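Notes for the structure review
So the chains spell out like this:
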Amino acid sequence: MLRDWARAAADGLTAARAEINELNVFPIPDSDTGSNMAFTMAAAAEAAEQAEPGADVATVTRAMADAAVGSARGNSGIILSQVLVGVADAAAIAETERDHSFARLFAGGLQLASLAAVRAVSDPREGTVLTVLREAATAAHDNAAASPADLARAAAEAAADALERTPEQLAELAYAGVVDAGGRGMLVLLDAMVLVLTGVANRRRNYRGLLVDRDLPLMRADEACDGSSDMDFEVMYLLDGMADERIGRLRDYLAEIGDAVVIVGDSSADGERFSVHVHTNEPGKAVEAGAVVGTISDVRISCFALDALRSSAPDEPLPRHKRAIVVVAKGEGAQELFADAGAAVVRADDGVSADPVAEAIRATDAAHVIVMANGELASQELVSVAAGARSAHRTVVFIPTLSMVQCLSALAVHDPTESPDVDAYAMAEAAAGTRWGSVRRVAERMMTLAGTSEPGDMLGYIGSDALVIGHDPLTATTALLDLMLATGGEMITVLGGRLLDEHPDVIAGLEDHVRRVHPGVELNVYPCGQADSVLQVGVE
């Protein structure tokens, strides 16, 4: 039965490989979960078939577990290996207790596998294969008194139900419209057991789309919809001769230099062997960490960028850089200011259209580009920018800044070491938290919320509303600042325009006013040279 199950599971995973690969969006959308699980299970099936014909259950299950741990590919393959390790451990316990029932082997194996899989993963999440495996183990335990066929059916149906619920638990799955790829592969294993015991295959729906109509889970600020990672390499190796107490220290170190850390062991009589998996930008250090504490073998290092290159069109090269920022600005000083902050700048002194912004995005040659148009492009034009700049290897995120002072606040919190989505969220939050205004000279008579202005007057705007009228720049600016600071503030940022060249006393008068009327409030002034406003003001 074990040999038949191993072969049926391997064949089932091979048949479902393309479907499972298409579901693969978490933790990294590298479309290899089906391939990794099929390869790992095929190695286990071959080991079972090569065991001596008269070998007992414990020997066959251990051969399958050893082969799976030694040949596991990817974190999905490692977790699959833990199912076989759990079954092997259950068989060893059954041998000791002289209980050779199917329930002892299968239900006990699933329970041990579930516990081992959770311990193996550095950051276990609900809505993954871990959830599906746990629900199957619980159902198997609850039906331990049933016939083998009914027990296997109960475990498979519980796994199918858990698989349908994975999008409700993991936002990445919900927004991609898929169920968990690893969980789908686990269901193949359980359905294979039903097939072997009953001769009837369970019919499952095509899992490429969601059938549920429920509320989607909310995205957390630290969750990326595409499940992407900033790590460039996947490192795997086998580790022998290491004491159990050093596993924790190795896991902690690998978590410091990478993510998706999975370490599993096979506690056979010949001594424990561990399979190590990590995504990292420092593959050499990951390998050295294992070599320091034990004997390593079968080292495999994959580069995600090269894998993507092999599957991409030849006329669409991969970006050279991970991240970039594109800013639309007015004035020579503003260009220098934003460039010094690390942004690519598109000048908009005489207006700007979608095409040069899209070209600037492409010119960054970056995989993830944050764009701040600072109110110079309408929303429909931003749609055109996105259409012209996005590609299979480039994502574009727009932060809705309406002024250069908001953009400067966003750049102040930009952290390229953070994940792209966390970084963009923090920048958007900083921009939204900046109250902004401007002082402009009017050329004709206007009706405003502050009254009627005459040609040559200075209007103080908060956002798009004119709320202050002054006859000179200093009067208008100080009145505008007093109004903006009425609700509090700790820092004022002023971006001086070209017209301040005619009024050099404005900045000195502004500094004196802030010192006298708003003591303790920090004032920063930057000459930017924009022509459309005397100055822009931001309050944080």
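Residues numbered from 1 in each chain as written. Predicted model: local features only at pLDDT ≥ 70, side-chain atom pairs only at ≥ 80, totals over all residues. Heavy atoms only, no water.

A closer look at the side chain of Thr 448
Within the element layout of this structure, Thr 448 appears in strand 10 (residues 446–448). At 3.1 Å, the side chain of Thr 448 forms a polar contact with the backbone nitrogen of Ala 450. In this structure the side chain of Thr 448 is engaged in a polar contact, spanning 2.7 Å, whose partner is the backbone oxygen of Gly 451. Dropping the residues within four chain positions of it, Thr 448 is found in contact with Ser 453, Leu 459, Ala 466 and Ile 469. (Helix = DSSP H or I, 4+ residues; strand = E, 2+ residues; numbered from the N terminus. Polar contact = N/O pair within 3.5 Å; in protein donor to acceptor, adjacent residues only side chain to side chain. Contact = heavy atoms within 4.5 Å.)

Quick word on the sheet that holds strand 14 (residues 491–496)
Spatially, the six strands line up as an open sheet ordered 13-12-9-16-14-15, and their pairing is mixed. The open sheet terminates on both sides in strands that have one partner only, identified here as strand 13 (465–470) and strand 15 (522–527). Adjacent strand axes in the sheet meet at a mean angle of 20°, parallel and antiparallel pairs treated alike. With five bridges connecting them, strand 9 (residues 435–441) and strand 12 (residues 458–462) associate as antiparallel partners. (Pairing = 2+ DSSP bridges. Axes fitted to C-alpha atoms, helices over the stretch in contact; angles between N-to-C directions.)

Some remarks on unusual backbone geometry
Look at Asp 298: it is not a glycine, yet its phi comes out positive at around 50°. One can find Asp 298 in strand 4 (residues 295–303). The phi torsion at Asn 374 lies on the positive side, around 55°, for a residue other than glycine. By secondary structure assignment, the location of Asn 374 is in the loop between strand 7 (366–372) and helix 16 (379–389).

So, the sheet that holds strand 6 (residues 344–347)
Taken in spatial order, the four strands make up an open sheet running 6-5-7-8, and their pairing is parallel. Looking at which strands have only one partner, the edges of the open sheet turn out to be strand 6 and strand 8 (395–398). Strand after strand, the sheet turns through a mean of 20° between neighbouring axes, direction not considered. Relative to strand 8, strand 7 runs parallel, the two sharing four bridges. Across the sheet, residue Val 371 finds its bridge partner in strand 8, namely Phe 398. Together, strand 5 (321–329) and strand 6 form the strand contacts of helix 14 (residues 332–340), whose direction differs from that of strand 6 by roughly 160°.

Nothing here speaks to function; it is all geometry.
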